[in-house]
Amino acid sequence: MVGGFLQQLIDGLTIGVVYVLLAAGLSVIFGVMHVINFAHGELFALGAYFALALVAPFGGTGFFVALLVAPLLVGAVGVAIERFTVRPLYGRNPLYHILLTFGLVLVINDLIYLVWGTGSTNLAVPSVLSGTIRAFGLNASVYNMFIIAFGSAVALAVWAVLEYTKYGLIVRAGSQDRQMVRNLGIDIDRYYSLVFGGGAALAALAGIVLGGYQAVSPGMGMSIIIPAFVIVVLGGLGSFKGAVVGGLLVGIIQTSLRFYVPALEGLVIFLLMIGFLLVRPRGLFGVEFEEESGGDLLTGSKGGFLDPRTRNRLGIAMVGVLAVVPLGVGTLYSAYAVTLVIEIMIWGLFALSLDFVMGYTGLVSLGHALFYGLGAYAVAIALLHVSGSAIVAIAIAILVSAAIAWVVGYLSIRVSGVYFAMITLGFAELFYNMLSRDPYGLTGGSEGQFGLSTYYGIGGVGVALDEVAIFLGPVALTGQSLFYYIALASLVAAFLLTRRMLQSPFGSVLKSIRENEQRATFVGYETTVYKRRAFVISGALAGVAGGLFTLNAGYATPSFAHWLHSGEVIVMVILGGMGTLYGPIVGSAVFFGLEEILTDFTARWRLVLGTVFVLFVIFLPRGLVSLPAQIAPAVTGGSGPGPEPTDPAEPTAEEPGVRGDD
């Protein structure tokens, strides 16, 4: 019993030290630069793959060379990332760093697939680190002992550098007051590059030592980045000491749960993360993080050059074009075109739901896939256990999604900014793990639910779409072609509903919260209540999107709630234009259109998409809808849209009051 516990403790410390190296880099980067680096996991994987390349010519003895050289290479990559992508965003809302680094996740991950392939590989370690040692009645792997000793020495060295060197002094001073350090004549930006590069090198070290412990695979970065965030939140954003304590704590908890209570392994750490964010957002050792002033979210509402009447006519025309798409099947294109446009419309609805809270209320949710997955599973379970009616199933999906959104919103809206983004991510990951590890079989576990069928009616009276055919000349509309019109009607209804709400006093309050929540509070609005209502509406719309997907596809899997889906829908919103109702729909069309075009040339289409997204975040943050206003001066010789307002609390003469449009 005691021996088993000590064995789990050693294994937990081994993983914990890897977490310490990973989270230390993440935490130092955030503490100094206020950058939440989503790409940190990919730098971790990149370190392991660089080590593979270095070890290959020398065998196991090359491992020590890799420990020295690979982190330097990844550190250089980190410096380049900071210099060319992160630095242009200083002064903007810190949430843009999250968006930027998510794009980098897509780029680096696909680069790894492109260079090293899809399979997993073992990283050879020298024979001196193989075998086991026996002490105090325990058999311990030599490599495990090496990880603990080496990782502890590195962590101690980093702490000493930050505490006792001139470099560490300047870095710590810069984290407190960047301008003050500049006034002393110090080029703080150069130090920021070194901090980012150092953090990347630490991630690479973690990847190398873990690569010798487990297999190296292209997905290792994506699977470890969320636990890394949990550690940083538990220890405290920006706290090196917190990263050390949090890393060891999570490593031991995870390993112990995996051995004693496997069903809880993926749940406990996310419950801890959510609990800390609610009770003590600054974590065990962190300080309260204050977002830098002047960094508002950039909406696309300023980019329109069409008057409202023209926009309405254009919108009606687009709906008319969409309405005739199924009529061209078999003559102009294959039935796949209908399938593709259905997916675009469903994800357009999903992106619209996120934009309602992100673009109009300023709440950046990193876990919106939670509601998409909820809607999908609510429909699946309703069809299996309640009624085969699609109407009943989608109604249940709306109610369940809205109810859970109220609970999540009630808890999450107590915090704001980066903390809100983190807690929504925690809820989504908690739900994802619950779906995957369902011990009762309600969700189908990691396999999901398949083979769902439905009818359109109620009380047992209705028809399946495959049993109906509507003939329009030579064209027969049946099955998926008929579902196409259900998806189109849902998207149009959601668009009109949200537009009506945003034109009402309720919508005006939401937009005023986005612009200046403090001022909205001063004039007497209960901003928390308004944000919660917006979150519930957004969650319900996302649930409709997930439910529609399951009705059409006939299945639901845990991947619907994966954090990557939350990131993808943010990409769509940013691509199209945040703060405009049509922008996210445009973003969905561009996303799937690019995927469709690029997959004809390469399976690594996310590499191109990620690159495009990074360029958008840097150079066109207001999205495609702002493009006409950007290029109009070049065409007409005008003066352009003008500079960005420096203070969102002080609207310009051209922008009186609240921004936002339909």
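One can find the structure itself at the top, above this paragraph.
K.L.:
Honestly, the nonpolar core in this entry has me stumped. Any pointers?
P.N.:
Here is a general trend for soluble globular proteins: nonpolar side chains tend to be buried in one another's company. Counting residues in hydrophobic clusters, the biggest one holds 207 residues, and the most contacted among them are Met33, Phe44, Phe229, Met422 and Trp563. Each residue touching Trp563, except ones within four places of it in the same chain, is listed here: Phe38, Phe102, Val105, Met222, Ile225, Ile226, Leu425 and Glu429.

K.L.:
Looking at this model, I keep getting lost on the pattern of salt bridges. Mind explaining?
P.N.:
Side chains carrying opposite charge are able to pair once their charged atoms draw close together. Per the counting criterion, the structure on display carries five salt bridges. Measuring nitrogen to oxygen at the nearest pair gives 3.2 Å for the salt bridge that ties Glu82 to Arg87. Residue Arg604 pairs with Asp110 through a salt bridge whose shortest N-O separation is 3.2 Å. With Arg604 in the loop between helix 21 (582–598) and helix 22 (605–619) and Asp110 in helix 4 (residues 95–116), this pair connects stretches of sequence that are 494 residues apart.

K.L.:
Which parts of the structure should I look at to understand the packing of aromatic side chains?
P.N.:
Centre distance and the angle of the planes are the two values used to describe a pair of aromatic rings. Here the structure, examined in full by the defined rule, presents 32 aromatic pairs. Relative to Phe150, the ring of Phe146 lies with its centre 5.4 Å away and its plane at 15 degrees, an arrangement referred to as stacked. Of this pair, Phe146 and Phe150 are both found in helix 5 (residues 142–164), four residues apart, which corresponds to roughly one turn of the helix. Residue classification places Phe146 among the buried residues on the basis of a relative accessible area of 15%.

K.L.:
Any chance you could explain the packing of helix 13 (residues 336–358) against helix 17 (residues 480–503) here in plain terms?
P.N.:
Two quantities define a packed helix pair, namely the angle between the helix axes and the distance between the axes. Running from amino to carboxyl end, helix 13 crosses helix 17 at an angle of 20 degrees, the nearest separation of the two axes being 9 Å. It follows from the interaxial angle that helix 13 and helix 17 lie roughly parallel. The handedness of the crossing between helix 13 and helix 17 comes out as left-handed. Along the contact surface, helix 13 presents Val338, Thr339, Val341, Ile342, Met345, Ile346, Gly348, Leu349, Leu352 and Phe356, while helix 17 presents Gln480, Ser481, Phe483, Tyr484, Ala487, Leu488, Leu491, Ala494, Phe495, Thr498, Met501 and Leu502.

K.L.:
What should I look at first to understand the side chain of Thr101 in this one?
P.N.:
By the element assignment, Thr101 lies in helix 4. Taking the relative accessible area as the measure of exposure, Thr101 reaches 0% and is therefore buried. Engagement of the side chain of Thr101 in a polar contact is seen with the backbone nitrogen of Phe38, the distance being 3.0 Å. Excluding residues within four positions of it along the chain, Thr101 makes contact with Ile36, Asn37, Phe38 and Ala39.

K.L.:
What is the right way to read unusual backbone geometry from this model?
P.N.:
Excluding glycine, most residues fall at negative phi; most peptide bonds, likewise, are trans. Even without a glycine there, the phi angle at His34 is positive, about 60 degrees. Following the sequence through the fold, His34 ends up in the loop between helix 1 (2–33) and helix 2 (40–55).

K.L.:
Explanation requested: the pairing of strand 2 (residues 132–135) in the structure shown.
P.N.:
The side chains of a regular strand alternate between both faces of the sheet. Note: strand 2 against strand 3 (residues 138–141), four bridges, orientation antiparallel. When the bridges of strand 3 are listed, Thr132 appears paired with Ser141. Remark: two residues form the turn of the hairpin made by strand 2 and strand 3, two consecutive strands paired antiparallel; Phe136 in that turn has positive phi of roughly 55 degrees.

What counts and what doesn't
- Residues numbered from 1 in each chain as written.
- Predicted model: local features only at pLDDT ≥ 70, side-chain atom pairs only at ≥ 80, totals over all residues.
- Heavy atoms only, no water.
- Core = buried A, V, L, I, M, F, W, Y, C linked by side-chain atoms within 4.5 Å.
- Buried < 20%, exposed > 50% of the residue type's maximum accessible area, 1.4 Å probe, protein only.
- Contact = heavy atoms within 4.5 Å.
- Salt bridge = Lys/Arg side-chain N within 4 Å of Asp/Glu carboxyl O.
- Helix = DSSP H or I, 4+ residues; strand = E, 2+ residues; numbered from the N terminus.
- Phe/Tyr/Trp six-rings, centres within 6.5 Å; stacked < 30°, edge-to-face > 60°.
- Axes fitted to C-alpha atoms, helices over the stretch in contact; angles between N-to-C directions.
- Parallel < 35°, antiparallel > 145°, perpendicular 65-115°, else oblique.
- Left-handed = near helix turned anticlockwise from the far one by under 90°.
- Polar contact = N/O pair within 3.5 Å; in protein donor to acceptor, adjacent residues only side chain to side chain.
- Pairing = 2+ DSSP bridges.

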